[in-house]
Amino acid sequence: MNLNKELQSLNNRLDKLRRKLAGAQERGDQAIAGQATQEIETITKKINKVKHQTKRQLNKKGSDVKSLPFNRPLTKAEQSDMGKLKKSVKGLVVVHPMTALGREMGITVVTGFAPKEF
């Protein structure tokens, strides 16, 4: 399963368990409350594991992109016709600053990374 989908489903399960725990505490049902608390702890651990795995993949992808020998900011004209640019430059990777990868790399403008100068 995709990590983002897995994270979303875990968060949904966690939300349901928290509501179940609140209802059990309101009724005074200690058995169900204890079980829900344990499940909340295990799901929280799984969520942290998936987040760490996602961050590790993002770091790896960022280092792969940064290792490309040439990079430069893209002009507005190049950004508007991205298809033509990608066809003319083999191996071009475009990173936008608002994506997760862009935030991780700390870029501030749309930047193109390529094996050769373009």
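- An unreviewed UniProt entry lists the protein chain under the name YibL family ribosome-associated protein, with Photobacterium rosenbergii as the source organism.

Quick notes on the nonpolar core
- By size, the foremost hydrophobic cluster in this structure holds 13 residues, and its most contacted members are L10, L14, L21, I40, I43, I47 and V50.
- Residue assignment for this core shows that the elements contributing at least two residues are α1 (3-27) and α2 (30-66).
- Looking at this core element by element, the count peaks at seven residues for α1.
- Those residues in contact with I47 that lie beyond four places of it in its chain are L7, L10, N11 and L14.

Focus: the environment of L10
- Topologically, L10 is positioned in helix α1.
- Residue classification places L10 among the buried positions, given a relative accessible area of 5%.
- Put simply, L10 and I43 are 33 residues apart on the chain and 6.7 Å apart in space, counted from C-alpha to C-alpha.
- Non-local contacts of L10, meaning those with residues more than four positions away in its chain, are made with I43, K46, I47 and V50.

Description of α1
- Between the first and last C-alpha of α1 there are 36 Å, a value that for 25 residues agrees with the 36 Å anticipated at 1.5 Å per step.
- Looking at α1, one finds that the buried residues are L3, L7, L10, L14, L17, L21 and A24.
- Buried positions along α1 lie against α2.
- Positive backbone phi, at 85°, marks G28, one or two positions downstream of α1.

Brief notes about α2
- For α2, built from 37 residues, the straight-helix expectation of 54 Å at 1.5 Å per residue is met to within 8% by its first-to-last C-alpha distance of 53 Å.
- Along α2, the residues that are buried comprise A33, A36, I40, I43, I47, V50, G62 and V65.
- Looking at the packing, one finds that the buried side of α2 touches α1, β2 (93-95), α5 (100-105) and β3 (111-114).

So, the packing of α1 against α2
- Contact geometry for α1 and α2: axes closest at 9 Å, N-to-C directions at 160°. On the basis of the axis angle, α1 is roughly antiparallel to α2. Our pair here, α1 against α2, has a crossing hand that is left-handed.
- Here the contact of α1 with α2 is built from residues that sort into 14 nonpolar, seven polar and eight charged.

Criteria and cut-off values
Residues numbered from 1 in each chain as written. Predicted model: local features only at pLDDT ≥ 70, side-chain atom pairs only at ≥ 80, totals over all residues. Heavy atoms only, no water. Core = buried A, V, L, I, M, F, W, Y, C linked by side-chain atoms within 4.5 Å. Buried < 20%, exposed > 50% of the residue type's maximum accessible area, 1.4 Å probe, protein only. Helix = DSSP H or I, 4+ residues; strand = E, 2+ residues; numbered from the N terminus. Contact = heavy atoms within 4.5 Å. Expected span 1.5 Å × (residues − 1). Axes fitted to C-alpha atoms, helices over the stretch in contact; angles between N-to-C directions. Parallel < 35°, antiparallel > 145°, perpendicular 65-115°, else oblique. Left-handed = near helix turned anticlockwise from the far one by under 90°. Nonpolar A, V, L, I, M, F, W, Y, C, P; charged D, E, K, R; others polar.

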